[in-house]
Each structure stands twice: as structure tokens, then as C-alpha cells.
Amino acid sequence: MATTLLAQGTDLLSAKKGVIPNGYNFWVYTPEDYYFSQEHTPLVLFLHGSSLCGRDLNRALRYGTMAAIRMGLDMPALVVTPQNPGGPWNPKKLNDVLEWLDQNDYVYDHNRLYVLGMSLGGYGTLDFVGTYPEKVAAAMALCGGCTLKDQSRLGEAPLWIIHGTGDKAVSVRESQIVVSRMKQEDHDQRLRYDWLPGASHGALARYFYVAKTYEWLFAHSLADPERPVERGITISQDDLKHAYRMMEKRGEQLETE
């Protein structure tokens, strides 16, 4: 069953429920000019944390990329937000969502698939990248870790791992273990990482409301020779501090247009 609701302007959010047997329910955001530039449209896969797990798909809109779009973030990409009913994110089930899109006329640039998530979604991001690195142009994993026994393929895709040192929900050690292992195995050529001094678990959600987060993701493509990681785009504490207010201003501006 598919239901729809209008977001800002004429952009469309579509809820997909029960379309994949034993798979995830998910939202799809379609940008306004999508049907004029399908082959060049990137796809962003957002993975939420454990607080949004369940069977009520509306919960998956409470924070993250979809929430930022509804607040006015300009997003020239298809965005897919699955809902995890509980437990770890399953890379195979996430790939099933991508295959469903391909089979149901959602055309996008397969060289520009981006994955990001926090907490449980941070784990899911790294687990997906480590399983399907050949599909991911770039990924950002916030305050998570990795559950894969074999993490050797994480270094194949550009990654930005970020964690707050004051995180009491998921210790920064979870991300540090991943980074240390990648360094030890000489798989860190495409790796960026930041440990934010004193930052709490929830503080990192601000990244989803900062345009530079998506600017960094979109700077990568599977077609790039050697697939280097972008190191010139930075997200400052000031960017994070004003993230929500910038979204509020953007929403107010849209209301007057």
C-alpha cells in the first residue's frame, strides 16, 4: 500500500508500506524537478536511531534528512528513509529497498548513492557500506560503530565518522575501534573522522540540518578516479550551533513565497 502527503511546495513524500515481503517500510521523497532530471538525480539513504524503531512509519519523520526537508532544506535528491521495526539494521533488507526502487521506475544516478545515519543508524551505515561498498559513493556515520565481523571493505568507500566524546548512550570508543582497525589494516585512505569534545549523543543530530553535510556527500561519485575522500568541506561548531535556527528561517521564508 502506498500513501502520499505534500511537503514544501509541490515536492512529494510517499509512504511505502508492505511493498517488500518481510522487508522494511519506508518513505520516499521526490524533489520538485525530479521528472526533468531523473538520470542525474542522486539518492540519499537515511538510517534513524533506535528511538524511531517501530511500526508507525510517521515516527521515522521525527528527525533527520526528511525532517530537515520538511523544515525547508533544499534537497536536489531522492531521499529514502526506511523504518527499522527493531534490532540492528539489516544490510540485505536495505539493499532490497534499493532494488525495489529500481524495479518500480525510480530512476536515479547509481554513481551517486549516499548513506548517513546516527546511533543505531550509524551502525547501520557502516554495516551497509562494509557489505556493499561498490554501491556507495560516500557515507557519514554519526555516534555509531560497526557490527560486521569482516570490516575489510569499509575502506573502499569515502567515509566520515563522527562521534562526541561526551556521548553516554554510545561510547565514542565504538567509533574509535572502527577507525583504529581501519588504520591498522591500512584501509584509511578514504577516511575522515572527528571526535567532538564533550558533545552528547543527541547533539550530533544537528548534522542532518546543515547543508554542508549534503554538500560533502554530493562531492563524491563512484565515477571519480580512485574515489578520494573530500577533505576541503568542513562543518564548524558554529554551523552546528545555528543549524536548527537556519532551518526555521528557511521554513519561514518558504511560507512567504
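Look a little higher up for the structure.
Given the structure is predicted, the values throughout are model-derived calculations rather than measurements.

S.K.: Whenever I open this one, the overall build of the protein chain confuses me. Can you help?
M.R.: A tally of helices and strands in the protein chain yields 7 helices and 9 strands. For the protein chain, the C-alpha radius of gyration of 17 Å lies close to 18 Å, the compact-globule estimate for 257 residues. Taking the principal axes of the C-alpha coordinates as reference, the protein chain spans close to 50 × 40 × 40 Å. Buried positions account for 55% of the 257 residues belonging to the protein chain. For the protein chain, long-range pairs separated by at least 24 residues make up 69% of all intrachain contacts whose partners lie at least 6 apart in sequence. As displayed, the protein chain has an accessible area near 11,500 Å², and 49% of this comes from carbon and sulfur atoms. In the protein chain, which carries 26 positive and 31 negative side-chain charges, the distance between the mean positions of the two groups comes to 7 Å.

S.K.: Could you clarify how one ought to interpret the side chain of asparagine 84 in this entry?
M.R.: Along the polypeptide, asparagine 84 turns up in the loop between strand 5 (78–83) and helix 2 (91–103). Note on asparagine 84: relative accessible area 0%, which makes it buried. Among the polar contacts listed, one links the side chain of asparagine 84 to the backbone oxygen of glycine 87, at a separation of 2.8 Å. The contact partners of asparagine 84, leaving out residues within four places of it in the chain, are Tyr24, His48, Cys53, Gly54, Trp89 and Leu120.

S.K.: Looking at this model, I keep getting lost on the packing of aromatic side chains. Mind explaining?
M.R.: Both the distance between ring centres and the angle between the ring planes are used here to describe each pair of aromatic rings. Under the defined criterion, the tally for this structure stands at 11 aromatic pairs. Measuring from centroid to centroid gives 5.5 Å for phenylalanine 26 and tryptophan 100, while their planes differ by 75°, and the two rings are edge-to-face. Of this pair, phenylalanine 26 sits in strand 3 (residues 25–30) while tryptophan 100 is found in helix 2, placing the two residues 74 residues apart along the sequence. Across the pair, exposure class does not vary: phenylalanine 26 and tryptophan 100 are buried alike. Between phenylalanine 46 and phenylalanine 208, the aromatic rings sit 5.0 Å apart at their centres with planes inclined by 85°, giving edge-to-face as the arrangement.

S.K.: Teacher, can you tell me more about the pattern of salt bridges here?
M.R.: Pairing between side chains becomes possible if they bear opposite charge and their charged atoms approach one another. Summed over the entire model, instances satisfying the criterion amount to 5 salt bridges. In this structure, arginine 153 engages glutamate 156 in a salt bridge whose closest nitrogen and oxygen atoms are separated by 3.0 Å. The partly exposed category is assigned to arginine 153, whose relative accessible area is 30%. Exposure remark for glutamate 156: the relative accessible area of 31% places this residue in the partly exposed category.

Rules used throughout
Residues numbered from 1 in each chain as written. Predicted model: local features only at pLDDT ≥ 70, side-chain atom pairs only at ≥ 80, totals over all residues. Heavy atoms only, no water. Helix = DSSP H or I, 4+ residues; strand = E, 2+ residues; numbered from the N terminus. Rg over C-alpha atoms; globule rule 2.2 N^0.38 Å. Buried < 20%, exposed > 50% of the residue type's maximum accessible area, 1.4 Å probe, protein only. Contact = heavy atoms within 4.5 Å. Areas by Shrake-Rupley, 256 points an atom, 1.4 Å probe, with all protein chains shown as cover. Lys, Arg positive; Asp, Glu negative; His and termini not counted. Charge placed at Lys NZ, Arg CZ, Asp CG, Glu CD. Polar contact = N/O pair within 3.5 Å; in protein donor to acceptor, adjacent residues only side chain to side chain. Phe/Tyr/Trp six-rings, centres within 6.5 Å; stacked < 30°, edge-to-face > 60°. Salt bridge = Lys/Arg side-chain N within 4 Å of Asp/Glu carboxyl O.

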